[in-house]
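Reading the structure
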There are 2 protein chains.
Amino acid sequence: MSASKREELVQNALTIFYEGGFNAIGMDRIAAETGVSKTSIYKHFRTKEDLILATLRLHDEQFRNWLVRRVEVLASEPAQRLLAVFDALREWLLEPEFRGCMFVKASAEFQDRASPIHAASAEHKRLLQIYFEKLADKAGAGHPGELAAQLQLLIEGAITIAHLHDPHLAAETAGAAARVLINAALPANAVPMVAED
Amino acid sequence: MSASKREELVQNALTIFYEGGFNAIGMDRIAAETGVSKTSIYKHFRTKEDLILATLRLHDEQFRNWLVRRVEVLASEPAQRLLAVFDALREWLLEPEFRGCMFVKASAEFQDRASPIHAASAEHKRLLQIYFEKLADKAGAGHPGELAAQLQLLIEGAITIAHLHDPHLAAETAGAAARVLINAALPANAVPMVAED
DNA sequence: ACGGTGATTGACTGATCGGTACACCTTCCC
DNA sequence: GGGAAGGTGTACCGATCAGTCAATCACCGT
């Protein structure tokens, strides 16, 4: 199996797991829907857990790349980029394929902290946190780590609520709250508040 | 089976599902660990889904009762009660048995919006939102629904991050962010800010 | 054209899944 | 004591689980 074939398999497995859950999807179904026989899959991934880890690694890379590039396109000023994170978030939440955060689901199904899957999910969130902290620092926040942590709570909450209720409302609420938190954390009024009517 | 026996079964199933996940725990294990035979369980619950729904209903009731009473004890002034929600949240996140939100996990494993389990999870969050909105209204917020939605994002985010990373940090961050959001949403300075370092 | 080699496969394993058939055993009224 | 009634446990159903293996396929240098 070529490297590209392998990546294609992981990509397809990613989609299937994302739509159906990890425990609920069996390897037989992965084999059937990807067109790759189970034996071949097990040649490249020792266990189902290994395959899941590969999908998580791929998704982590794809998602963070997408986010960083989207934010770069949406804004150029550091303070505006902090807000642009929430514009990008809205775009994601409003996608019709949106089904919540894959890593949150993974950690929900593999909750043992000793599980590599749980660890991979935690690592993804940690890398995001570092990215937000860098943005907050460039924007001039007094305590960039604190602001980044606060914004991450909003983002995770918005993902959860968007999955359970209205994605529009979750995105708008997160953006409004982020505006307040960012404004409170930046020294000057670097970010204009929306009119309070 | 008496009503109390039935409730005990649901309570035990709740604990087992919470610790092990819904799909990952089989009915055989529920029977073995509760000491009630599978046949008896199926006499009272038509399907596994029915049993899960019963555990979710029980947990919804227990959790919201706990939260409301805890907030009543922790604070008496309306504005302080909004903050007390985050004190209660901290207590929960720091419990050694804390494993994330049961409803978030349920909706992660049963993501089809048509699933009654997904609906029950959404309903739980909706009831919480209504409670927060009532608190925000009594505290004098100009747009209580908006403030309540923002606070709920913080809470959901804190639950997620506490499960993946440090519960202490998640609780502290949520409390600090809530303070900022509440202060910005209330007309007077009803809630004193913490010192800025 | 051919022998060899590594990738691929369909068919299989024992275990477990959600759910059920039936025999049993208590309980109660008489 | 007899018998009806209903709750309970054992043993089982077909389906599916993660994972394996002997046989087969495609491709390569010669």
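Everything in this summary refers to the structure shown in the same document. (Residues numbered from 1 in each chain as written. Chains lettered and ligands numbered in written order. Predicted model: local features only at pLDDT ≥ 70, side-chain atom pairs only at ≥ 80, totals over all residues. Heavy atoms only, no water.)

**A word on the packing of helix α4 (residues 48–74) of chain B against helix α5 (residues 78–94) of chain B**
Residue and element names in this part refer to chain B.
- The contact between α4 and α5 brings their axes to 9 Å, and the two run at 120 degrees. By the angle class used here, α4 and α5 are oblique. For the crossing formed where α4 meets α5, the hand is right-handed. Of α5, the residues touching α4 (which contributes F63, W66, L67, R70, V71, E72 and L74) are R81, A84, V85, D87, A88, E91 and W92. (Axes fitted to C-alpha atoms, helices over the stretch in contact; angles between N-to-C directions. Helix = DSSP H or I, 4+ residues; strand = E, 2+ residues; numbered from the N terminus. Parallel < 35°, antiparallel > 145°, perpendicular 65-115°, else oblique. Left-handed = near helix turned anticlockwise from the far one by under 90°. Contact = heavy atoms within 4.5 Å.)

**So, the protein's contact with DNA strand C**
- Neighbouring residues of DNA strand C: 15 residues in total, closest T39 of chain A together with M27, K38, Y42 and K48 of chain B.
- Here, DNA strand C places atoms within 4 Å of the protein, and 56% of those atoms are sugar or phosphate.
- Within the side chain of S40 of chain A, an N or O atom sits 3.0 Å from a phosphate oxygen of DNA strand C.
- The contact in question runs from a phosphate oxygen of DNA strand C to an N or O atom on the backbone of M27 of chain B, over 2.6 Å. (Near = heavy atom within 4 Å. Polar contact = N/O pair within 3.5 Å; in protein donor to acceptor, adjacent residues only side chain to side chain.)

**Some words on the relation of the copies chain A and chain B**
- Between the two copies, chain A and chain B, the superposition gives an RMSD of 0.0 Å; the rotation angle is 180 degrees and the shift along the axis is 0.0 Å. In the structure described here, the two chain copies are related by an operation that fits a two-fold rotation axis. When C-alpha positions in chain A are compared against the rotation axis, the closest is assigned to G157 of chain A, at 2.0 Å.
- A share of 100% of interface residues in chain A that are also interface residues in chain B marks the association as one of identical surfaces. (Least-squares fit on C-alpha atoms with pLDDT ≥ 70 in both.)

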